[in-house]
Amino acid sequence: MTRKAAREQLFKLIFEAEMKETALKEVFDSFMQRIAEDELDLSNSSVEFIKKYCLGIDEHSEELLNKINNTMEGWSFERIGNVEKALLKGAVYELSYEDTPKEIVINETIELAKKYGDSKSYEFLNGVLAKFV
């Protein structure tokens, strides 16, 4: 699994946590059970990447929400869609706590928004992330 594919899987887990309104760690634990039961072929590095990010996002959840809310103008986190919430959490975490170049984070977030969001999601996220960085 490429890093891009691992980010997409991470997005799906964050999205699932948003939909279920549950802790990301619980969703990750369930994901690990599904991997074992389905015998999915994920590389150790992909699993470690997803685990590190899930635990980091869960640990810094309040800080991330504050950063996101302070960046958005005229919007609050509660008012945006679950796709946008999940993508913002992942991107703001990576921009804040990891050493990934910001261009890569923003580009891959925009690509996921185009794939999973509505027609204007990517523009909204691009504006929020541009202001954040």
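In this report, we go over the structure that sits alongside the text. As the structure is a prediction and not an experimental result, all values here were calculated from the model.

Conventions adopted
- Residues numbered from 1 in each chain as written.
- Predicted model: local features only at pLDDT ≥ 70, side-chain atom pairs only at ≥ 80, totals over all residues.
- Heavy atoms only, no water.
- Helix = DSSP H or I, 4+ residues; strand = E, 2+ residues; numbered from the N terminus.
- Buried < 20%, exposed > 50% of the residue type's maximum accessible area, 1.4 Å probe, protein only.
- Contact = heavy atoms within 4.5 Å.
- Core = buried A, V, L, I, M, F, W, Y, C linked by side-chain atoms within 4.5 Å.
- Axes fitted to C-alpha atoms, helices over the stretch in contact; angles between N-to-C directions.
- Parallel < 35°, antiparallel > 145°, perpendicular 65-115°, else oblique.
- Nonpolar A, V, L, I, M, F, W, Y, C, P; charged D, E, K, R; others polar.
- Expected span 1.5 Å × (residues − 1).
- Phe/Tyr/Trp six-rings, centres within 6.5 Å; stacked < 30°, edge-to-face > 60°.
- Lys NZ or Arg CZ within 6 Å of the ring centre and 35° of its normal.

### Details of the side chain of threonine 71
Here threonine 71 lies in helix α4 (residues 61-71). On the basis of relative accessibility, which here comes to 9%, the residue threonine 71 falls in the buried class. In this structure threonine 71 touches Val128, Lys131 and Phe132, once residues within four positions along its chain are discounted.

### Some details on the nonpolar core
Ranked by internal contacts, the top residues of the largest apolar core, which has 40 residues, are Leu13, Ile50 and Leu88. For this core, the secondary structure elements donating two or more residues are α1 (3-20), α2 (24-38), α3 (44-59), α4, α5 (82-97), α6 (102-116) and α7 (121-132). It is α5 that provides the largest number of residues to this core, a total of 8 residues. Sequence-distant contacts of leucine 13, defined by excluding residues within four places in its chain, comprise Leu24, Val27, Phe28, Phe31, Arg34, Ile50 and Cys54.

### Some thoughts on the packing of α5 against α6
α6 packs onto α5 with a crossing angle of 170 degrees between their chain directions and a minimal axis gap of 10 Å. Considering their axes alone, α5 and α6 lie roughly antiparallel with respect to each other. Residue-level inspection shows Val83, Leu87, Ala91, Glu94 and Leu95 of α5 in contact with α6, the latter providing Lys102, Val105, Thr109, Leu112, Ala113 and Tyr116. Its residues placed into classes, the contact of α5 with α6 shows 8 nonpolar, 1 polar and 2 charged.

### Section: the side chain of glutamine 9
Mapped onto the elements, glutamine 9 comes out in helix α1. If sequence neighbours within four positions are ignored, glutamine 9 has contacts with Phe31 and Ile50.

### Focus: the packing of α4 against α5
Their axes nearest at 10 Å, the elements α4 and α5 cross at an angle of 100 degrees. The orientation of α4 with respect to α5, classified from their angle, is roughly perpendicular. Facing Glu63, Leu64, Leu65, Lys67 and Ile68 of α4, the residues of α5 in contact are Leu88, Lys89, Val92, Tyr93, Ser96 and Tyr97. Grouping the amino acids of the contact of α4 with α5 by side-chain chemistry returns 7 nonpolar, 1 polar and 3 charged.

### A closer look at α6
Taking 1.5 Å of rise per residue, 15 residues should cover 21 Å, and α6 covers 21 Å from first to last C-alpha, within 8% of that figure. Of all the residues in α6, the buried ones are Val105, Ile106, Glu108, Thr109, Ile110, Leu112 and Ala113. Elements in contact with the buried residues of α6: α1, α5 and α7.

### Observations regarding the packing of aromatic side chains
How two aromatic rings sit relative to each other is set out by the distance from centre to centre and by the angle between their planes. Applying the stated rule across the entire model yields 7 aromatic pairs. Here the aromatic rings of phenylalanine 11 and phenylalanine 15 are separated by 6.0 Å at their centres, their planes lie at 40 degrees, and the arrangement is tilted. Note that phenylalanine 11 and phenylalanine 15 are positioned in helix α1 at a spacing of 4 residues, about one turn of the helix. Judged by its relative accessible area of 27%, phenylalanine 15 falls in the partly exposed class. Residues phenylalanine 49 and tyrosine 53 carry aromatic rings whose centres are separated by 4.2 Å and whose planes lie at 35 degrees to one another, so their mutual orientation is tilted. Here phenylalanine 49 and its partner tyrosine 53 are both found in helix α3, 4 residues apart, which amounts to about one turn of the helix. The pair phenylalanine 49 / tyrosine 53 is uniform in exposure class, with both members buried. One aromatic cluster in this structure is built from Phe49, Tyr53, Tyr93 and Tyr97. The cationic tip of arginine 79 hangs over the ring face of tryptophan 75; the distance from NZ or CZ to the ring centre is 4.7 Å. Above the plane of the ring of tyrosine 122 lies lysine 114, whose end atom (NZ or CZ) is 5.1 Å from the centre.

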